[in-house]
Number of protein chains: 4
Amino acid sequence: MKSYQAEWEELADIKRELADRDWFMGTSGNLAIRVGSSPVSFLVTASGKDKRKHTKEDFLLVNAQGEALEETQLRPSAETLLHSHIFNGSSAGCSLHVHTVANNVISELYGDEGVITFRNQELIKAWDKWDEHDSISIPIIHNHAHIPTLADSFLPYIKEDKGAVLIRNHGITVWGRTGFEAKKLLEACEFLFQYHLTLLSLTTTKSISKGGVKL
Amino acid sequence: MKSYQAEWEELADIKRELADRDWFMGTSGNLAIRVGSSPVSFLVTASGKDKRKHTKEDFLLVNAQGEALEETQLRPSAETLLHSHIFNGSSAGCSLHVHTVANNVISELYGDEGVITFRNQELIKAWDKWDEHDSISIPIIHNHAHIPTLADSFLPYIKEDKGAVLIRNHGITVWGRTGFEAKKLLEACEFLFQYHLTLLSLTTTKSISKGGVKL
Amino acid sequence: MKSYQAEWEELADIKRELADRDWFMGTSGNLAIRVGSSPVSFLVTASGKDKRKHTKEDFLLVNAQGEALEETQLRPSAETLLHSHIFNGSSAGCSLHVHTVANNVISELYGDEGVITFRNQELIKAWDKWDEHDSISIPIIHNHAHIPTLADSFLPYIKEDKGAVLIRNHGITVWGRTGFEAKKLLEACEFLFQYHLTLLSLTTTKSISKGGVKL
Amino acid sequence: MKSYQAEWEELADIKRELADRDWFMGTSGNLAIRVGSSPVSFLVTASGKDKRKHTKEDFLLVNAQGEALEETQLRPSAETLLHSHIFNGSSAGCSLHVHTVANNVISELYGDEGVITFRNQELIKAWDKWDEHDSISIPIIHNHAHIPTLADSFLPYIKEDKGAVLIRNHGITVWGRTGFEAKKLLEACEFLFQYHLTLLSLTTTKSISKGGVKL
């Protein structure tokens, strides 16, 4: 039994649940869970896998720079650098990146503003916001094709041990102190996005000045 | 075997079914089933659990005030007081509270009116309404962050052994004489809400005077 | 082993599949499969059951008038008379009645016209329509609360061994020569309805002169 | 064990996954996987089956012309000719044809233009498009009822070992070098279509000059 058996199983469990929701369309998405803190090490999904399948090659152990710590033919997900930044820059224990239709549409609708804010919504309690006038804001960053540039623009938003950042027309990255918290925030985001899109469709239309698609 | 084994299994079965529909996003939702009537006792979901997991710590037995009746490290759901009011104020056997996108959007669209009414819909027969001109109304209350205040504003709507109340931008609480009836009403509400939102999106747009989100 | 074991298993299999799609919300829906032709007998779902559960009490054998043919405490579904009309008036082998959000919304949008017609759609081949200019029409009838009256208004549309009729703000009844064909038509209807609603939401809004809901 | 056991199992696995998403409504859809290259042979779904069931009669082996290579009572899917063209005209290893609501609506909305183009979308990386200004285009062809005519109009779009073509108000055909790649492209298409329809519903309405349905 590997020393990171417990973390492996926790991440495998999260992966299975997100796969059940079909949140890895087109082999998209990548997940990471912290194993060590000094030095930083973490398990991350291997690149190019069908995440609806569950195998012994789903994850690999990497160091703070996202380099494999064990001999393996697996390559870490291309976007491992974002998880690295999270584990290096906070005490987060788990980081999840998924593409959903709702998070992509929200990222495009509010991409120019660079942020979406929710208030008067019970589910913001997932962020430990209990006051009636509390709000939460999720930043939206440009989807740089060059991963180090993307990671650089992501870095300033790692301010706490939990958080969420939308990447425009790409997906969301959510992290938390534990796998449980990261998943809770991810679900809360998805719920709020679906809620907002449904409400918007019934009340008004929003014009897009600069869109990812020709409308 | 505990004396409330049958009630536990009935509630676990309902929880499994609602979890299959993904109605507990972000660890939201809480469920309760009556065990005793004089004095009142009931099983209620423990706080802070992932309701897609099914364990021996899912529920705990509480009294009429929502206090644990057995030694346990579990805490009852924060909103247990609403279930207490239902079991104290009616003969209901089961009470279910869930957040769905549809029930949240309906609660916001009709929040200012404080009520939504359905008629000419086959599914209102779930409320034992069989006449062609019958209707059912679901009240919508403000989502007070202070639970005792929320419970106070909920109380006047507990008029029968079955019923449903929407809490604005929060979710729905539905109760019935049995677990079977509570679930039937919950499903009927969800169907009617989804129906109404779909029809509304095709026929008109409704303006929101005071919304939970900036539109 | 009962003489209708094969029919029971076929209907149970269809029920399981429709339950997996959650097409029995609020204990709605009822299903029937022919057992005999002279005299007519068929299995029909028992009233008041949760159709997501699968038990030995799911169906009961009834005669051409919908009366139980074996000693039982089960009561046939309230709408058994519609299935009776189908088995008496055609050679159909299976009849399925389900409520979905899409079929309810279509029934309301086109209720005043009393019909919805599809053409230029690959899926109308489910009705054995292979020509490029073929079309299929699905009648929409008023939802009389009095079942014999509802059945009377349904009767004129039983012209073939397969068919489909929408009941306004209630659901659809589909029948076919076999369980396989009835299910195929039911799925084709649902696909066409969802397609039509999605397209409609993107292209125009339709005004409702007399609606089941206050808009 | 048949010589094509591995290909059979790979295709069965894909079929199971697509069936889980309910992408075979009304017995629609057909799938094929290459077995040999010189001469061409492939497994293709048998006609008239419920693709949610998984049996030993799901597929049959056919030659380059789509004729059965083994004695069988099964008939290949009516649209086998399209798969033949793909395996004869490229090195593709797998070809998938499915109907979804989203791909049908897209095919109608952009049917007159004959193409839909996506850019600024992370998921176009499924086509190995990594540059920030890359785009992918999916042609849309007329749904000829006469299959050889349909296959003729499909043929010019088989330019690479992977690709996707929409057939108007019918469905999509996607192929790739492997089953893995074909499925990845199919999922990416579905995601992009659902994204586009959701965004469109929130921002503008598109008029249809010549539609498959009366609007």
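Residues numbered from 1 in each chain as written. Chains lettered and ligands numbered in written order. Predicted model: local features only at pLDDT ≥ 70, side-chain atom pairs only at ≥ 80, totals over all residues. Heavy atoms only, no water.

Per an unreviewed UniProt entry, chain A is named Methylthioribulose 1-phosphate dehydratase, and its organism is Rossellomorea vietnamensis.

Undergrad: Help me understand the overall build of chain A, please; the structure alone is not making it clear to me.
TA: Check the secondary structure of chain A and you find 5 helices and 8 strands. Here the C-alpha radius of gyration of chain A, 17 Å, is about what a compact globule of 215 residues would show, namely 17 Å. Each of the 215 residues in chain A was classed as buried or not, and the buried ones make up 60%. By sequence separation, contacts in chain A at least 24 residues apart represent 61% of the contacts at least 6 residues apart. Summed over its atoms, the accessible surface of chain A is roughly 8500 Å², and 48% of this surface lies on carbon and sulfur atoms. (Helix = DSSP H or I, 4+ residues; strand = E, 2+ residues; numbered from the N terminus. Rg over C-alpha atoms; globule rule 2.2 N^0.38 Å. Buried < 20%, exposed > 50% of the residue type's maximum accessible area, 1.4 Å probe, protein only. Contact = heavy atoms within 4.5 Å. Areas by Shrake-Rupley, 256 points an atom, 1.4 Å probe, with all protein chains shown as cover.)

Undergrad: When you look at the packing of helix 2 (residues 80–89) of chain A against helix 4 (residues 147–154) of chain A in this model, what are you seeing that I'm missing?
TA: Residue and element names in this part refer to chain A. Interaxial distance between helix 2 and helix 4 falls to 9 Å at its minimum, and their mutual angle equals 30°. Comparing their axes, helix 4 and helix 2 come out roughly parallel. As for the relative orientation of helix 2 and helix 4, their crossing is right-handed in sense. On helix 4, the residues that touch L81, L82, H85 and I86 of helix 2 are I147, P148, L150, A151, D152 and F154. Taken together, the residues of the contact of helix 2 with helix 4 break down into 8 nonpolar, 1 polar and 1 charged. (Axes fitted to C-alpha atoms, helices over the stretch in contact; angles between N-to-C directions. Parallel < 35°, antiparallel > 145°, perpendicular 65-115°, else oblique. Left-handed = near helix turned anticlockwise from the far one by under 90°. Nonpolar A, V, L, I, M, F, W, Y, C, P; charged D, E, K, R; others polar.)

Undergrad: Explain the interface of chain B and chain C to me, please; I cannot follow it from the model alone.
TA: Accessible area lost when the parts come together is the quantity often used to give the size of an interface. Listed by partner, the interface residues are 29 residues for chain B and 36 residues for chain C. Taken over both partners, the interface formed by chain B and chain C buries close to 2800 Å², and the fraction arising from carbon and sulfur atoms is 62%. Among the residues chain B hides against chain C, the three largest losses belong to B:E122, B:F191 and B:L202. Together they make up 24% of the total. There are 5 salt bridges connecting chain B and chain C. Here C:K53 and B:D13 are joined by a salt bridge, their closest N and O atoms 3.1 Å apart. (Buried area = accessible area lost by both parts, 1.4 Å probe. Salt bridge = Lys/Arg side-chain N within 4 Å of Asp/Glu carboxyl O.)

Undergrad: Would you mind going over the interface of chain B and chain A with me for this structure?
TA: Taken together, the contact between chain B and chain A spans 36 residues of the former and 29 residues of the latter. Summed over both sides, the interface of chain B with chain A buries roughly 2800 Å², with 61% coming from carbon and sulfur. One can count 5 salt bridges joining chain B with chain A. Across the pair B:K53 and A:E17 runs a salt bridge, and its minimum N-O distance is 3.5 Å. Where chain B packs against chain A, one counts 13 residue pairs in polar contact (both at pLDDT 80 or more). When residues of the side of chain B that touches chain A are assigned to their parent elements, the largest contribution, 5 residues, is made by helix 3 (residues 101–109) of chain B. Across the side of chain B that touches chain A, the residue classes tally to 11 nonpolar, 16 polar and 9 charged. (Polar contact = N/O pair within 3.5 Å; in protein donor to acceptor, adjacent residues only side chain to side chain.)

Undergrad: Hey, could you run me through the pairing of strand 4 (residues 94–98) of chain C in this one?
TA: Working note: regular strand, side chains alternate between the two faces of the sheet. All names here are of chain C. Across the 5 residues that make up strand 4, a large majority, 5, are buried. Where burial is concerned, the two faces of strand 4 agree: the one with C94, L96 and V98 and the one with S95 and H97 are both buried. Note that strand 1 (residues 30–37) and strand 4 share 4 bridges and pair antiparallel. What sits directly across from A32, in strand 4, is S95. Note that strand 4 and strand 8 (residues 171–176) share 5 bridges and pair antiparallel. Counted as the bridge partner of S95 is W175 from strand 8. (Pairing = 2+ DSSP bridges.)

Undergrad: Please explain the relation of the copies chain B and chain A as it appears in this structure.
TA: Between the two copies of this chain, the relationship is a rotation about some axis together with a displacement along it. Rotating chain B by 90° and translating it 0.0 Å along the rotation axis places it on chain A, where the RMSD comes to 0.0 Å. Read as a symmetry element, the transformation amounts to a four-fold axis. Distance from the rotation axis, computed per C-alpha, reaches its smallest value in chain B at B:S201: 4.8 Å. (Least-squares fit on C-alpha atoms with pLDDT ≥ 70 in both.)

Undergrad: I would appreciate a short explanation of the side chain of D:S41 in the present structure.
TA: Residues and elements named next belong to chain D. Its place among the elements puts S41 in strand 2 (residues 40–45). Of the residues examined, S41 reaches a relative accessible area of 10% and is grouped as buried. Residue contacts for S41: discarding those within four places in its chain leaves R34, V35, G36, L61, V62, N63 and L69.

Undergrad: For this particular structure, what's the right way to read the arrangement of the chains?
TA: Across the gap from chain A to chain C, with no contact made, the nearest C-alpha atoms are 10 Å apart. Separated without contact, chain B and chain D have their nearest C-alpha atoms at a distance of 10 Å.

Undergrad: Just to check I follow, could you spell out the pattern of salt bridges for this structure?
TA: Two side chains of opposite charge can pair, provided their charged atoms sit close to one another. Taken as a whole, this structure holds 80 salt bridges over all chains when the rule is applied. The partner of C:R177 in a salt bridge is C:D128, with the nearest N and O atoms 3.5 Å apart. Within this pair, whereas C:R177 is found in the loop between strand 8 and helix 5 (179–203), its partner C:D128 is found in the loop between strand 5 (115–119) and strand 6 (135–141), the two being separated by 49 residues in sequence. What makes C:D128 partly exposed here is its relative accessible area of 37%. In this structure, D:D22 and D:R52 form a salt bridge, with 3.0 Å as the shortest nitrogen-oxygen distance.

Undergrad: What am I meant to see in the sheet that holds strand 3 (residues 59–63) of chain A here?
TA: Strands in a sheet are paired, the pairing made by backbone hydrogen bonds, and the direction either parallel or antiparallel. Residue and element names in this part refer to chain A. Taking strand neighbours across the sheet as the criterion, the 8 strands line up as 3-2-1-4-8-7-6-5 in an open arrangement whose pairing is mixed. The open sheet terminates on both sides in strands that have one partner only, identified here as strand 3 and strand 5 (115–119). Within the sheet, the average angular offset between the axes of one strand and its neighbour, ignoring direction, is 20°. Here strand 5 runs beside strand 6 (residues 135–141); their pairing, made up of 5 bridges, is antiparallel. Counted as the bridge partner of R119 is S135 from strand 6. The strands touched by helix 1 (residues 5–20) are strand 1 (30–37), strand 2 (40–45), strand 3 and strand 4 (94–98); relative to strand 1, the strand with the most contacts, the crossing angle is about 165°.

Undergrad: It is not clear to me how the relation of the copies chain B and chain C should be interpreted in this structure. Could you clarify?
TA: At an RMSD of 0.0 Å, chain B and chain C line up after a rotation of 90° and a shift of 0.0 Å along the axis. A distinct binding surface is used by each copy, with only 3% of the interface residues of chain B retained as interface residues in chain C.

Undergrad: What am I meant to see in the environment of D:H85 here?
TA: Residue and element names in this part refer to chain D. Relative to the helices and strands, H85 is located in helix 2 (residues 80–89). The exposure class of H85 is buried, given its relative accessible area of 16%. Separated by 11 residues in sequence, H85 and L74 have C-alpha atoms that sit 21 Å apart. Once residues within four sequence positions are removed from consideration, H85 is found in contact with A151, D152, L155 and I158.

Undergrad: Just checking my understanding: could you explain the sheet that holds strand 8 of chain C for this structure?
TA: All names here are of chain C. Sheet architecture is open: 8 strands sit in the order 3-2-1-4-8-7-6-5, paired in mixed fashion. Since the sheet does not close on itself, it has two edges, and those belong to strand 3 (59–63) and strand 5, each with one partner. Sheet twist, expressed as the mean angle between neighbouring strand axes with direction ignored, is 20°. Sheet topology note: the strand 2 (residues 40–45)/strand 3 ladder contains 5 bridges and is antiparallel. Across the sheet, V44 pairs through a bridge with L60, a residue of strand 3. The sheet strands contacting helix 2 (residues 80–89) are strand 1, strand 2, strand 3, strand 4, strand 7 (163–167) and strand 8, and the helix crosses strand 2 at an angle near 145°.

Undergrad: What is the right way to look at helix 1 (residues 5–20) of chain B in this model?
TA: Owing to its 3.6 residues per turn, the α-helix aligns residues three or four sequence positions apart on the same side. Residues and elements named next belong to chain B. With 16 residues, helix 1 extends 22 Å between its outermost C-alpha atoms, agreeing within 8% with the 22 Å of an ideal straight helix rising 1.5 Å per residue. Buried within helix 1 are the following residues: W8, L11, A12, I14, K15, E17, L18 and A19. D22 sits one or two positions beyond helix 1 and adopts a positive phi of about 65°. (Expected span 1.5 Å × (residues − 1).)

Undergrad: So what exactly am I meant to see when it comes to the environment of A:D152 here?
TA: All names here are of chain A. Examined against the element boundaries, D152 turns out to sit in helix 4. By relative accessible area, D152 is classed as exposed at 52%. Along the primary structure D152 and G176 are separated by 24 residues, whereas in three dimensions their C-alpha atoms are 20 Å apart.

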